[in-house]
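# Tertiary structure, described
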Amino acid sequence: MRVNQARHHLDKPGERGVILLLSSLTLLFMIPIIGLAIDAGTVYAVKARVQSAADGAALSAARSLSRGLDLSSQQSAATDTAIRWFHANIPNGWMNVGTVSDPTITFPSAPPKTTIVNVAVTLNAPTYFMRILNINSVTINAIGQATRRDVNIVMVIDRSGSLYQSGSCAAVQSAASQFISSFVNGRDRLGMVTFGTDYRIDFAPAMNFATAGPPNMVTMIGQLYCYGYTNAAAAYWTAYQQLVTIGDQGALNVILFFTDGMPNTLTFDIAPDGTDNRLPPKTLATPSTINYGGYNNANPTPCRDSVGKTYPTAGWNPSSFKGVISFYGGIYLKDAPSFPASQSVDAQKIGNAQGDYGNCVFDQQFNNSSTIYTGGSPSRAIAGPGFMPFFDVAYLPEEDLFRNKTGTGYGGGSPYAPVNRYPGSFPAAYRNKIRVDDIGTGSGTLGVSDTITNAGVNALDYAAQNARDDSITRNLNVVTYTIGLGNAPNGVDNTLLERVANDPDANNYNSAKPSGLYVYAPTTSQLNQAFSRIASDVLRISK
Amino acid sequence: MNSPGQKTVVRCRGERGNAVIEFALVSLLYVPLLLGVVALGLNLGRSVQVAQVARDAASMYVRGIDFSQSGNQNILVQLAQPLGMTVNGGTGVVILSKITYLNNAICSGIPNCNVNQQVLVQRIVVGNSGLRSSNFAAAGAVTLDAQGNVFNYMTDSHAVVSGLSGKLTLNGNEFAYVAETYFPSADISTFTNGTGVYSVSIF
């Protein structure tokens, strides 16, 4: 009954057509409401894009702060970059926004060791329906801000003879120069340690790396002369010590390590903490199952110079050697007077029997370059010339000058590269010590897989892992990047360089520690690219 | 009880037809309007979502997140979750590109260098790569490593990118990190033209 009454009421003849009327009236309200929704949606979409463009502009500006040598030119370069990036993200006329004006770039005062780039944007988003109410556009404000952490980088650059032989020295100079141009003179600290047979701080990390001196980083890179062997572990650790000395906890601390070969050279001396890690002199002829033409059974020889004049001379202490050792290169004095950088023939610098410097070669030259020495079982061949350490040195100490372990892995256990030790048939003083007369598992190619080279590999591996852990306890969190150039005859050990960098592909990768990156450059034409990739990666994580 | 009700029904029957016609007429206007509003709303919402994915992807990419790793790819998939993208398929694609410019200084001493060109340094595609190709495509087929890095971008003429220079001028040693996102809009296909929503963020 109630239903019928209701219908009766609705269907009065006078109310016919009311739905059409009501609908039209409703439209008057609905269309503005729908319009408002559309306008709001448009404004929201523009706002999202503007914010994104402001973010992109701020981040790109922070990356480009490196251009220019002083603050004002760096800031104007960053401003220019921000404006370009902003317009790339919002072209004129996008979503009918009309002409897009430039954003305002400011550099507000920042906490220590950081730079802040602020990008402020004002843009008018068009309206379509709200024009009825005389609102033709809505003003959108957005702010993008990026903080760039200052960067401390020590480059560890190989200048060994293999780079000279492959004609790569100039390419290394060019790539390293490009690399440093990615960083901010006056804010970032850059330094350089180079290594051949010796290792040397060529430029102590400084903020005015491009404007100091000369010498500065640019001039030092220009003077790089490639000669000698590959004393990598000592150079790496020296570079790390530079970062420790700076102790810059708020900044991004980076080591960039470049090499083209195997770390076949080691440095021994009394360690800074007093541990005696000098090379023990050979005191007796060692019996050996490996026989390089009988030479390894020779009696110990006195220290002598290149013309055969024997020492000791004043200051020469025959009970121990402070030396740099290489299976191929023999032994050099560690503390010889340095030549100026312009004369960077490093073998001379560390005392290659130049009488003027009163230094001494401890090794005997193995003979001339045409001789090939064979022997042992299985028979192996070694091409000359060579300087064989086993004439003078009994065995390798377990640690180098910087206490990097030569025959033990980091944290104990087996080292990354195998080392051979003297068996029980040797005199007690030699037993179980690391051999210096062993070409290991290699094919007899000098500088590859012989025990001294493997000890050098282990020392570098140890140095990198030790530095990483030590830097965590010091809150420096050093990130290591490595570049391997593969055009030398014996190539590089990719696995080793991944381990040094803690690259995510490394076989001992630990994601809890600072992750770096290893980039392999097969030839010099990819070298620039490899340095460039690392520069862009460093700049990404410095934000 | 019956007779008043009967009367009402009889009179009502004649006018009920009017209401139906009126409703039909009004519906002709309302239904498309409402559906249009819904479609527009969905598309606007979608375009905001897609732009947000592009912005987030570019923002992470520029900070060094390695999107060649499956864990990081899953982050992208989750960001784009309501849009139905998966790591290797689904209804959406995210294309990440790193582009730089090679000037004379960078090219010095390098034979066959792509001097004064913008080149593709890295390319990573997450999602359904068949949906759309990049607006910043390389000139030819390039070789990528596992992380998406282009081999020999300095010398491989195929690595040259022409699509970006009109939008953005780069200097030497400057890198543009580009995230492109594309999601087809298929919710109410009659009211949308099926071109989908594309967004690009350049960081």
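Each value, and the rule that gives it
Residues numbered from 1 in each chain as written. Chains lettered and ligands numbered in written order. Predicted model: local features only at pLDDT ≥ 70, side-chain atom pairs only at ≥ 80, totals over all residues. Heavy atoms only, no water. Core = buried A, V, L, I, M, F, W, Y, C linked by side-chain atoms within 4.5 Å. Buried < 20%, exposed > 50% of the residue type's maximum accessible area, 1.4 Å probe, protein only. Helix = DSSP H or I, 4+ residues; strand = E, 2+ residues; numbered from the N terminus. Contact = heavy atoms within 4.5 Å. Pairing = 2+ DSSP bridges. Axes fitted to C-alpha atoms, helices over the stretch in contact; angles between N-to-C directions. Disulfide = S-S within 2.5 Å. Phe/Tyr/Trp six-rings, centres within 6.5 Å; stacked < 30°, edge-to-face > 60°. Lys NZ or Arg CZ within 6 Å of the ring centre and 35° of its normal.

### Notes on the nonpolar core
- Core analysis: the largest hydrophobic core is formed by 77 residues, its most contacted members being Val119 of chain A together with Ile202 of chain B.
- A per-element tally of this core places helix α2 (residues 18-63) of chain A first, with 10 residues.
- Setting aside residues no more than four positions away along its own chain, Val119 of chain A makes contact with Ala54, Ala57, Ala58, Ala82, Pro103, Thr104, Ile105, Ala142, Ile143 and Gly144 of chain A.
- Among the nonpolar cores identified, the runner-up in size contains 48 residues, and Ala234, Tyr236, Val457 and Ala463 of chain A belong to it.

### Focus: the sheet that holds strand β1 (residues 93-102) of chain B
Residues and elements named next belong to chain B.
- Pairing in this open sheet of 4 strands is antiparallel, and the strands run β2-β1-β3-β4 from one edge to the other. The open sheet is flanked by β2 (117-127) and β4 (197-202), the only strands paired with a single partner. Looking at each pair of strands side by side, their axes are set apart by 20° on average, direction ignored.
- By the bridge criterion, 8 bridges tie β1 to strand β3 (residues 175-183) in an arrangement that is antiparallel. Within the sheet, the bridge partner assigned to Ser97 lies in β3 and is Val178.

### Overview of the state of the cysteines
- This structure, assessed with the given rule, holds 2 disulfides over all chains.
- Each disulfide pairs two cysteine sulfurs, and for Cys169 of chain A the partner residue is Cys226 of chain A, the sulfurs being separated by 1.9 Å. On the sign convention where negative is left-handed, the bridge of Cys169 of chain A and Cys226 of chain A, at about 80° about the S-S bond, is right-handed. Residue Cys169 of chain A is located in helix α5 (residues 169-180), and its partner Cys226 of chain A is located in the loop between α6 (217-222) and α7 (232-246); the two are separated by 57 residues in the primary sequence. Across the pair, Cys226 of chain A and Cys169 of chain A agree in class, each one buried.
- Note on cysteine connectivity: Cys107 of chain B is disulfide-linked to Cys113 of chain B, with sulfurs 1.9 Å apart. Here the S-S torsion is close to -55°, and the disulfide linking Cys107 of chain B with Cys113 of chain B is therefore left-handed. The burial state of Cys107 of chain B is the same as that of Cys113 of chain B; both residues are buried.

### Some details on the packing of aromatic side chains
- One pass over the structure, following the stated rule, counts 11 aromatic pairs over all chains.
- Of the aromatic side chains, those joined through ring pairs into one cluster are Phe179, Phe183, Phe258 and Phe531 of chain A.
- Above the ring of Trp94 of chain A, the side-chain terminus of Arg49 of chain A is found at 4.4 Å from the ring centroid.
- Above the plane of the ring of Phe175 of chain B lies Lys98 of chain B, whose end atom (NZ or CZ) is 5.0 Å from the centre.

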